[in-house]
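Here's the letter readout for the chains.
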Amino acid sequence: MSFPVAGHALAANSDPWFTWSYVRNNADALGAAFTEHVTLTALTMLFAALLAVPLGVLAYKARWLTAPILALSGVLYTVPSLALFALLAPFLGLTMTTVLVGLVMYALLIIVRGTLTGLRQVPEEVRDAARGMGYGGMRMLTRIELPLAMPSILTGLRIAAVSTVALVTVGAVLGKGGLGGLILSGFRNNLYKPQILTATVLCVALALVCDVLLAWAGRLLTPWTKGARA
C-alpha cells in the first residue's frame, strides 16, 4: 500500500519535526497506515501463537524433538528480514502474505521458548500431587501445566508483539509495511520530517499499547500471581 503525502515543497532543513497541519491534512493516510500496521501485528500474533504454543508443548513432551524445534525456529529468527522477504517473494509474490509469513517466522522462537520455559518451571511436587489425584497426561497438561506456565507464555507473547510492531515497518520495502510505508516515503520525499516523526510516534505508541494490553490480559488470566507480584 502506498500512502500519499500532502504537497509540500519545503526544503528538508526548514521542515519542523511536527506540525498539526500535517496530521489534519493526512488523517486518511495515517489512518490507513495505522490500520494496516495493527492488522499485520494482530494476524502475526494469532498465527504465531497457534503454531508456537503447540510446538513448545511438543518440545516439552517429546524431549528428543526439543533441540530440532529450537534449532529450526532459531535459524528462522537469525535470517535478516530483507533477505527473508527476498526468499519468500518468488513464491508468495509482493503481497501482504509474504510479509505475514516472514513476521510469523520471527515470532516463533520467542513464543516457543516462553512456552517451553514455563512448562519446565512447573514444580515437580505439583505434578506429583496431580498424579496422586488421578490426573493423566492430557488432563495434567491442560489443567495443571499450561495454567502454571501461562505467565512465561504471556511474557513471550509480549516480547513477540513488541518486536513484531517494529518488524512490520520493514514490510514497507514490499509496499505492505503499515506505518513503515510512511516513514520510508518520508525519507524519500526530501526528508519530510513531520511525516517521519508522526509515523514513528504512532509506531512506538502501538508497541506500548500492545505491551500494556497483554500485561493486563496476563493479570486476568493468572490471578493467582497477584500475591507474588505484590
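Here the residue numbering is sequential within each chain, running from 1 through the sequence in written order. Where local features are concerned, this predicted model is filtered to residues with pLDDT of at least 70; where side-chain atom pairs are given and counted, the filter is 80 or more; whole-chain, interface and lining totals use all residues. Hydrogens are left out, water is left out, and the side-chain values use all remaining heavy atoms of the structure.

An unreviewed UniProt entry lists the protein under the name Glycine/betaine ABC transporter permease, from Actinorhabdospora filicis. The annotation that UniProt attaches to the protein under Sequence similarities (unreviewed entry) is "Belongs to the binding-protein-dependent transport system permease family." UniProt positions are given in the numbering used here, feature names are shortened, and annotations may be inferred rather than shown by experiment.

Caption draft 1: Layout of the state of the cysteines. Disulfides are defined as pairs of cysteine sulfur atoms found within 2.5 Å of each other. Scanning the model with the defined rule gives 0 disulfides in all. As a non-bridged cysteine, Cys203 has Cys210 as the owner of its nearest cysteine sulfur, 9.7 Å distant. Whether a residue is buried, partly exposed or exposed follows from its accessible area with a 1.4 Å probe, protein chains only, as a fraction of its type maximum: under 20%, in between, or over 50%, in that order. Look at Cys210 and you get buried, because its relative accessible area is 17%.

Caption draft 2: Layout of the environment of Glu124. Counting from the N terminus, the helices are the DSSP runs of H or I reaching at least four residues and the strands are the DSSP runs of E reaching at least two. Within the secondary structure, Glu124 sits in helix 6 (residues 124-132). For Glu124, a relative accessible area of 39% corresponds to the partly exposed category. Each polar contact in these results corresponds to two N or O atoms within 3.5 Å; when the atoms are within protein, one needs to be able to donate a hydrogen and the other to accept it, and residues that are neighboring in sequence are counted only if both atoms are side-chain atoms. In this structure the side chain of Glu124 is engaged in a polar contact, spanning 3.3 Å, whose partner is the side chain of Arg131.

Caption draft 3: Just helix 9 (residues 193-221), in detail. Between the first and last residue of a helix there are one fewer steps than residues, each counted as 1.5 Å, and that sum is the expected span. Helix length check: helix 9 (29 residues) gives 42 Å between terminal C-alpha atoms against 42 Å at 1.5 Å per residue, within 8%. Every buried residue belonging to helix 9 is among Lys193, Pro194, Gln195, Ile196, Thr198, Ala199, Cys203, Leu206, Ala207, Cys210, Ala215 and Gly218, and all of these are buried. Looking at the buried positions of helix 9, the neighbouring elements they touch are helix 1 (20-25), helix 2 (27-61), helix 7 (137-168) and helix 8 (179-188). By the convention used here, residues are in contact when the closest approach between their heavy atoms is within 4.5 Å.

Caption draft 4: The arrangement of the nonpolar core in detail. For our purposes a nonpolar core is just a set of buried Ala, Val, Leu, Ile, Met, Phe, Trp, Tyr and Cys residues, chained together by side-chain atoms within 4.5 Å. With 39 residues, the main nonpolar core has Ile111 and Leu182 as its most contacted residues. Every element with two or more residues in this core is listed here: helix 2, helix 3 (63-78), helix 5 (96-120), helix 7, helix 8 and helix 9. The next biggest cluster of nonpolar side chains, apart from the first, holds 6 residues, and it includes Leu40, Phe85, Val99 and Leu174.

Caption draft 5: Expanded view of helix 2. Look at helix 2: 50 Å from first C-alpha to last across 35 residues, which is about the 51 Å you get at 1.5 Å a residue. Considering bend angle alone, the principal kink of helix 2 is centred on Ala49 and spans about 30 degrees. Given a residue, its bend is the angle between the two axes fitted to the seven residues that end at it and to the seven that start from it.

Caption draft 6: Structural detail: the layout of surface pockets. Here a cavity means grid points, on a 1 Å grid over the protein atoms only, where a 1.4 Å probe fits yet cannot get out; a pocket means an open set of points with protein on both sides within 12 Å along at least five of seven lines; lining residues are those with an atom within 4 Å of a point. Grid points are joined across faces, edges and corners, and a volume is the space filled by probe spheres set on the points. In this structure, the largest pocket occupies an estimated 230 Å³ of space. Forming the walls of the largest pocket are Val38, Thr41, Ala42, Met45, Ala49, Leu157, Ala161, Leu206, Val209, Cys210, Leu213 and Leu214. Elements represented by at least two residues in the lining of the largest pocket include exactly helix 2, helix 7 and helix 9. By the convention adopted, Pro, Cys, Tyr, Trp, Phe, Met, Ile, Leu, Val and Ala count as nonpolar, Lys, Arg, Asp and Glu as charged, and the other residues, Gly among them, as polar. Classifying every residue of the lining of the largest pocket by side-chain character gives 11 nonpolar, 1 polar and no charged.

Caption draft 7: The UniProt feature "transmembrane region" (unreviewed entry) in the protein, seen in detail. Under the local residue numbering, the UniProt record ascribes the feature "transmembrane region" (unreviewed entry) to residues 38-60, 67-88, 94-112, 148-175 and 195-216. When the span residues 67-88 is considered, its composition is 91% helix and 0% strand, and the gap between its end C-alpha atoms is 25 Å. Split by type, residues 94-112 is 89% helix and 0% strand. Its first and last C-alpha atoms lie 28 Å apart.

Caption draft 8: Expanded view of the packing of aromatic side chains. Pairing of aromatic side chains here covers Phe, Tyr and the six-membered ring of Trp, requires ring centres within 6.5 Å, and sorts the geometry by plane angle: under 30 degrees stacked, over 60 edge-to-face, intermediate tilted. With the rule as written, the count across this model stands at 1 aromatic pair. Ring geometry for Tyr77 versus Tyr106: centroids 6.4 Å apart, planes at 80 degrees, classification edge-to-face. Placement of Tyr77 in helix 3 and of Tyr106 in helix 5 is noted, with a sequence separation of 29 residues between them. Above the face of the Tyr60 ring, Arg63 is positioned so that its terminal group lies 5.1 Å from the ring centre. Counting as a charge over the ring demands two things of the Lys NZ or Arg CZ atom: a distance within 6 Å of the ring centre and an angle within 35 degrees of the ring normal.

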